[in-house]
Amino acid sequence: MVLGQTKRISGTVTSSGDGTALNGVSIWVKGSERGTTTDESGVFAIDAAKGDTLRLTYVGYRQQDVVVGEANALTIRLELSAGNLDEVVVVGYGTQKKQDITGAITSISTQALREVPATSAPQMLQGRAAGVDVVHAGNKPGAGVTVRVRGRRSFNAGNDPLYVVDGIPISGGFNDINPDDIESIDVLKDASATAIYGSRGANGVVLVTTKRGKSGRTNINYDAYYGSSTIMRYADLMNGEEFAEYKRESRRAVISPVTGRPLYDDEDPNADVNSGIFDAVELQSITEGRSTDWQRLMIKDGSVQNHGLSVSGGTDHTNFNISLGYFNDVGILKGQDFTRYTTRLNVDQKIGKRVKVGMSTLGSYSERNGEDVNPYNAGADFGTLTENPLGIPYDENGNIIFRPTSDGLRTNPLLEIVPGAVINKSKVVRLFSSIYGEAEVFDGLKFRMNFGPDLRQDRKGDFRGSLTNARQGGDPAANNAENFAFQYAWENILTYQTTLSEKHQLDITGLYSVQSLQQEGTTINVLGLPVESLEYYNLGAASTINSVGSDYEKWTILSYMARINYIFDQRFLLTLTGRADGSSKFSTGNKWGYFPSLALGWNLKNEQFLQESNLFSNLKLRLSYGETGNEGIMPYQTQGLVSRTVYDFDGSSAFGYRPSTIRNDGLKWETTKSANIGLDFGLWNNRVTGAIEVYQSRTTDLLLPRVLPITSGYNSILSNVGVKRNRGLEVSVSSLNIVSNDEQGFEWATDLNLYTNQEQILELSQGKVDDIGNLRFIGHPAVVYYDYVKAGIWQLGQEGEAEQYSSIVGGVKVKDVNGNGVIDPDDRQILGSDIPKLSGGLTNRFRYKGFDLSIFAFARLGGMIQSTEYGTFRFLSGRVNQYRVDYWTKDNPTNAFPQPNSNLETPYFGSTLRYFSGSFVKIRNINLGYNFSERIARSIGAQSLRIYLSAQNPLVFSEYVSKYSGLDPENPTNSTPPSRVFLAGLNVRF
Amino acid sequence: MKTVNCLLFIVIATSFFSCSNLLEEDVRSQITDNHLSTAGGWLEGVNASYSFLRSFYGINENGATVTVFGTDEFTNGFDGGLKSFNFYDFGLNPRNGVVNTLWNNLYVAINTCNAVISRAPEVTGLDEALKETRLGEVHFLRAQYYFLLVQLFGPVHLTLEEVQGIQTSAARAPVEDIYATIIEDLNFALGRLPMIASDYGRVTKPATEHLLAKVYLTKAGSAAQQADDYTKAADYAKGVIDNYSFRLLDDFITVFEQGEGEKNDEVIWSIQNSKSFITAGQTACCDGGNTLHTYFLMKYDDLPGMQRDIENGRPWARFRPTRFTLEQLFNRTLDDRYEKSFKRVFYANRPGTYTINGRQITFNTGDTAVFVSDREWSASELSQVNYNVFPPSRQNERVYPTLTKFLDPDRPDPQEMRGSRDFIVFRLADTYLIAAEALMSDNKTDEAIEYVNAVRRRAAKKGNTAEETLANQKQMEVTADQLDIDFILDERARELLGEMTRWFDLVRTGKLVERVKKYNPDAANNIEPFHALRPIPQDQIDRTDTEFPQNEGYQ
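Keep in mind the model is a prediction, meaning the values are calculated, not measured.

Here is what the cut-offs are and how they apply
- Residues numbered from 1 in each chain as written.
- Chains lettered and ligands numbered in written order.
- Predicted model: local features only at pLDDT ≥ 70, side-chain atom pairs only at ≥ 80, totals over all residues.
- Heavy atoms only, no water.
- pLDDT = per-residue confidence, 0-100.
- Helix = DSSP H or I, 4+ residues; strand = E, 2+ residues; numbered from the N terminus.
- Pairing = 2+ DSSP bridges.
- Axes fitted to C-alpha atoms, helices over the stretch in contact; angles between N-to-C directions.
- Parallel < 35°, antiparallel > 145°, perpendicular 65-115°, else oblique.
- Contact = heavy atoms within 4.5 Å.
- Nonpolar A, V, L, I, M, F, W, Y, C, P; charged D, E, K, R; others polar.
- Buried area = accessible area lost by both parts, 1.4 Å probe.
- Salt bridge = Lys/Arg side-chain N within 4 Å of Asp/Glu carboxyl O.
- Polar contact = N/O pair within 3.5 Å; in protein donor to acceptor, adjacent residues only side chain to side chain.
- 1 Å grid on protein atoms, 1.4 Å probe; cavity = no way out; pocket = protein on both sides within 12 Å on 5 of 7 lines; lining within 4 Å.
- Points joined across faces, edges and corners; volume = space filled by probe spheres on them.
- Core = buried A, V, L, I, M, F, W, Y, C linked by side-chain atoms within 4.5 Å.
- Buried < 20%, exposed > 50% of the residue type's maximum accessible area, 1.4 Å probe, protein only.
- Domains from an automatic or database assignment.
- Phe/Tyr/Trp six-rings, centres within 6.5 Å; stacked < 30°, edge-to-face > 60°.
- Lys NZ or Arg CZ within 6 Å of the ring centre and 35° of its normal.
- UniProt positions renumbered as here; feature names shortened; annotations may be inferred.

When pLDDT is low, close inspection of the predicted coordinates is not appropriate. For chain A, per-residue confidence averages 85 on the pLDDT scale, and 96% of positions sit at 70 or higher. The spread of mean pLDDT over the elements of chain A runs between helix 1 (residues 110-115) of chain A, the lowest at 70, and strand 31 (residues 648-649) of chain A, the highest at 94.

So this is what it looks like as structure tokens:
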């Protein structure tokens, strides 16, 4: 072998993720014995010749080859590896290597978390993890999301997963965390994984780890984006001319009992005036062809911006990470915005060789405007979407007209966005800490104590001026609500790790913990403020006190947990967990719940017969079974309580108390037993990796009001009744479609996850009997749409049948399901459920040279939605505006929508018109970034520099939108319309 | 190693840490039911027993819906979703929310009364006399609640003890037993209640007698009838009229004055409401105060020249007088009550120029904008007035004369539902008419006529002179041969129009089907004899372990 001239090569190895230096990367010259590792600053030096190949390997990163060229100094970035088996996963009270895991856990990588500039932490989960269904709770700035892990189990005890931040379980307010501070999110889904959080684990556990400092160079990161948001689409409403015609039609449908002619008589050439159905303003609009587009008056462009500055670094003994964050979202509807300021300090300190202490502290302050107001809605009495387009917003002097038409119910929506007229502002201050001390008592035995105090103060002020819809010219009203919550968790964890005879790995964890929440709230509600400028700052000045209230709540959970992880020969895995939880919410004797679980894993890849396989680079089978509990009910439910009544004698108050709750000494934990089978695989040297999970869970002792005959004096008692089942299938696949050994080459990777969950009620409080009153049906999901079945519209000539079936010609025809010749309540059917048949997320990432592009799509297919815009009171009554629908007239014998009728405030069987397919595919985000070369970065004094452009919500595919012009299938309850955001961002590291 | 030792100590300490008391519930913002056994708590239980009265009388539209709709007096207006009670159609079924809510409320009320009564013996620290009086009040209230139940539903579940624990059995006691309980409770109350209550609004001896009179009168028309029911009814009614200082006010409509005037000599007992929202209830709609002001009011606010304001009220347009009420019931020339019972004019509060009947009319604030007329107008007459005239032929579900008795212009804003009017349940004019009905039914028509005429004389229009007034009064009087049950019902309609008693009156007298068919065309086609009872809520039937049969005709 001819050797080239060897030379001294030095370099630095960093992570492509956050750019930190990597300590301990192995580097060897291919085909030689020479090798080295990087130091704490990621620096290495090695002798190699030009043309030699350096191979770099590091746990959790993709192997990389670098060919030695002319340069003697190299900077190498290692790519994070998605499927790396040595990757460490947070499992609750500790971490485990991915290959040793037995439960169903989905980890969302830093890379995926970073792709979409997220406005809130839970939003980062959407479409990223199979089985984790995330739905936006609204389109208003600051609105939260609903997260469901493997469906709903409970009716009353809550279905929100447990969030654990840096080891401390928190309740509520996961929104307060700055997404930029999050390093990773792991979702525990099956009972084996969640059982360690036994009491709270029934709905899944979301583990959030925040960024911590690393030894080495001090890094300064600045991340920012700014963008503008525009309305995604305006609702397709009738314009003035169409509205006038619709109003006429609504009167053609009604025959005057006096004249025997329709209220709008087409024989009269001057019917617009003579029928009296139009007021002066409307008539003028009709004459002039004038039409007010209320939507465009109410909507403006909004903006979103985010700035994050963090400094991290450390020495051998001390690591730190400090960050400041600012987020501001100004909505497209005036008066709606959200601003969040966050600070974070994470510190870890080693004391000697065996002791470590540290803390992470989050400070957050947010302000949100307009949470409880929505002048955009499709209300029967008020709202932009239903405002008469023939009305006019301003008088000749440019002043807002209080009532745009003579309709005495409807006030001008523009009044709601006059500064100071409607104030709805909430402020939240939060201080959350996680403090720990850890000592290695002797090799393998560690004791760790976590203490997590969490303080949260909410304050909401609400003011409605005189000239608003709420007050209708009456006295101004104001309202103050404050809530103070203190929660803490105190955990003592003992772990012991050992390996016996090289083949037996044992990992034992024991836990004792206390968690408690205490909250106090006050509310004051007044009317008749003398001066509007007082807003809600001087409630004492009001003439009338509407109500005053305060409350207090406290609960405590005590827990003991033990877990044994045993691994034999890297092939057979066993996890045994037992947990005991005591909750103050249950009565003596039922306070404690016991939650065992068992999981088995078999690393097939480590078996002889697969060692040589070129196809499988990983294959693991997992089985688990376990029980988890749910106690998420309000405290004090076991007590026999009285509730307050109001009365007066000649104006003197006569408050009273009446029995309201029967004592229920038998109330106990709601329990979910679940089984999971999982298969993890890696193919072709982990080019394709993924997992398939199948599960079934059965929830018993559902905390559900057991209904009672009211003759007993009580309507219901919260009891453990009912059974529910969830079954599902989850598939996640990550594929490196095109890889390049060259850092500059073209790469394409795809992440796909698909999941389905089937929810079934098996029993209710009266056994296998439907509870029609609460719309709960045996064998069906918890939320179903139960109504008459629309079969079309009654047409001319069908007068007799229409009457027989309780409708009219031009009215909705519904199916006589039981065929008894009349429409009665028994003709109602289960039409569908809000649960999609299939959900999923698809991310495609491309990279070439410095460019990276990612496209993220999210889909929910096969569910049903109930649209508020189509179910509005006064829909098709000829009084308020609405979607431009295909309504029936004598000349338009459609089967779509009934004839407008001014005599009907809702059409006969009008509720059948509001059900739609909830299927949609949303392109949630398209992100195009460019990483500047190091040379350019250095020229501005930075280590790395990246810029990106991002389009959020650029496209939506949905029948509800395209065919029925609905606003948002994800959120069909007439909130703020969705917006589309285009933004530009910057990541720079110094 | 010091640190390690220290930490080890914590571990050990932790495992011995006593945790039992940590899991005790810390109840602070809630009150447990032991409270009702304390002296103060027991008195609050008495107050609570009163609170359910509001739930029937005016807190929402339910009580009025089952007593005003579907009668000869009123039919449906434009708005609202409870018209089935007027139509007697398929919507009036066991799953109807109104029936359910009323039923629920009455049984929660009864359990509250039962709790107060059951716990009385163990309550100490109360003045015995006060305790006896309060106990009398609660017995009265329980009787009142059972009386409403038996009139609405017929045989119902009878329970006189506070329910402890889960109870899933129930049975329908015969009407006789229910009336026996009601009378027993009222007799208990009679011996304990004062003539004048310590607090205005608490029940009294005369209120008990009035209720006894009504109970006997109703019982006489029920399956539980006994021979002396009418005599007893008449005796109790006469007792109320003769033995106390109540009197018929000179002017019929002053009985319904708002504010201080609502406490007057004609009121025997009224459900209390006040302007304080703290005692009215927490929310703005349908959970507090007296909301009756909205239901009879026509939809004036979308008419030219008008907009909704406090003075005119919030128009929910539920109850519209039948043509019978408007055109046949009153002698408009003599009877004062027609003019005074109805509001027919609205004054412009939204100035501007409007097209009315093809003419441009300009309204200034305060001009007459709307006139709901009781006669037809000729075209030339119409062309001479500058307001919107609604003769009978133009009246409809939206526009009709509005009953004035419950209007409440004394609310802080136009949307506020919580009115402050007391609701007068028992008033002396009713007592007179009970006496008349009982005496007539007992074949003492000559005596009965005196009581009818007393009410009628008061209703005579005032003349310009005392003589004219006297002449009018004379003309209002009727003679014994004119008196029959239909006349009594007509007189009750004239006097007590809308006062939440009509449906009961028609059922009691067995005239429901006949008069509804005759006078309420919207209900005429559907009403059947079985409609004299309301359906038992399906929930009650479904949730009861034992047999709980439905009323005939409903399914």
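Once you've had a look at it, read on.
Residues and elements named next belong to chain A. An order of 4-1-7 is seen for the 3 strands of this open sheet, with the pairing classed as mixed. Looking along the sheet, the strands with just one partner apiece sit at the ends: strand 4 (43-49) and strand 7 (73-78). Strand-to-strand twist of the sheet, defined as the mean angle between neighbouring strand axes without regard to direction, takes the value 35°. Direction of pairing for strand 1 (residues 6-15) relative to strand 7: parallel, over a ladder of 6 bridges. Its bridge partner lying in strand 7, Thr12 is registered against Thr75.

Let's shift gears to the packing of helix 15 (residues 428-441) of chain B against helix 18 (residues 485-496) of chain B. Residues and elements named next belong to chain B. In contact at an axis separation of 11 Å, helix 15 and helix 18 are set at 175° when each is read in the N-to-C sense. Relative to helix 18, helix 15 is oriented roughly antiparallel. For the pair helix 15 and helix 18, contact is made by Ala429, Asp430, Leu433, Ile434, Ala436, Glu437 and Met440 and by Ile485, Ile488, Glu491, Arg492, Glu495 and Leu496, respectively. Split into classes, the residues belonging to the contact of helix 15 with helix 18 amount to 8 nonpolar, no polar and 5 charged.

The next thing to look at is the interface of chain A and chain B. Accessible area lost when the parts come together is the quantity often used to give the size of an interface. With 86 residues of chain A at the contact, the number on the chain B side is 94 residues. Among the residues chain A hides against chain B, the three largest losses belong to Tyr647, Phe649 and Thr711 of chain A. Together they make up 10% of the total. Across the contact surface, chain A and chain B share 3 salt bridges. A salt bridge links Asp650 of chain A to Lys263 of chain B; the nearest nitrogen and oxygen atoms lie 2.7 Å apart. The tally of links from chain A across to chain B stands at 17 residue pairs in polar contact (both at pLDDT 80 or more). Ranked by residues supplied to the side of chain A that touches chain B, first place goes to strand 26 (residues 544-568) of chain A with 12 residues. Here the side of chain A that touches chain B is built from residues that sort into 42 nonpolar, 30 polar and 14 charged. Examined bridge by bridge, strand 30 (residues 641-645) of chain A and strand 1 (residues 31-32) of chain B share 2 bridges and lie antiparallel to one another.

Turning to empty space enclosed by the protein, a few remarks are in order. All names here are of chain B. Tallied over the entire structure, the rule returns 14 cavities of 30 Å³ or more. Volume-wise, the second largest cavity comes out at about 230 Å³. Lining the second largest cavity are 19 residues, with Tyr57, Lys214, Val425, Met500 and Thr501 sitting closest to its centre. Mapped onto the lining of the second largest cavity, the elements with two or more residues apiece are helix 6 (128-153), strand 12 (423-427) and helix 19 (502-508). Among the elements that take part in the lining of the second largest cavity, strand 12 stands out by supplying 5 residues, more than any other.

A word on the nonpolar core. One finds Phe56, Trp103, Phe140, Tyr145, Leu149, Ile182 and Trp269 of chain B to be the most contacted residues of the largest nonpolar core, which totals 135 residues. Looking at this core, the element that brings in the most residues is helix 6 of chain B, giving 13 residues. The two domains that each donate at least three residues to this core are domain 1 (12-289) and domain 2 (292-417) of chain B. Those residues in contact with Trp269 of chain B that lie beyond four places of it in its chain are Leu53, Phe140, Leu141, Gly201, Arg202, Val203, Ala207, Ile424, Val425 and Phe426 of chain B. By size, the runner-up hydrophobic cluster in this structure holds 46 residues, among which are Met238, Phe243, Leu414 and Tyr805 of chain A.

Another aspect to go through is the domain arrangement of chain B. Residue and element names in this part refer to chain B. You can read the domains of chain B as domain 1 (12-289) and domain 2 (292-417). For domain 1 versus domain 2, the distance between C-alpha centres works out to 35 Å. On the side of domain 2, 31 residues touch domain 1, which itself brings 28 residues to the contact. Three residues stand out in domain 1 for area buried against domain 2, namely Phe74, Phe78 and Phe252, and they jointly supply 21% of the buried area on that side. Where domain 1 packs against domain 2, one counts 4 salt bridges. Looking at the side of domain 1 that touches domain 2, the elements with two or more residues in it are helix 3 (62-68) and strand 2 (74-76). Its residues assigned to classes, the side of domain 1 that touches domain 2 shows 12 nonpolar, 9 polar and 7 charged.

This part takes up the packing of aromatic side chains. Counted under the stated rule, the structure contains 64 aromatic pairs over all chains. One aromatic cluster is present, formed by Phe56, Tyr57, Phe69, Phe74, Tyr295, Phe296, Trp316, Phe319, Phe406 and Phe423 of chain B through successive ring pairs. Geometry around Tyr234 of chain A places Arg296 of chain A over its ring, the cationic atom sitting 3.9 Å from the centre. Cation over ring: Arg644 of chain A sits above Phe655 of chain A, and NZ or CZ is 3.8 Å from the ring centre.

Residue and element names in this part refer to chain B. Read across the open sheet, the 3 strands follow the order 6-9-10; overall the sheet is mixed. Edge strands, defined here as strands with exactly one partner in the open sheet, are strand 6 (345-347) and strand 10 (388-390). When strand polarity is set aside, the average angle formed by the axes of neighbouring strands in this sheet is 10°.

Under the UniProt annotation, "domain: SusD-like N-terminal" (unreviewed entry) lies at residues 86-217 of chain B. Its end C-alpha atoms 25 Å apart, residues 86-217 of chain B is made of 61% helix and 0% strand.

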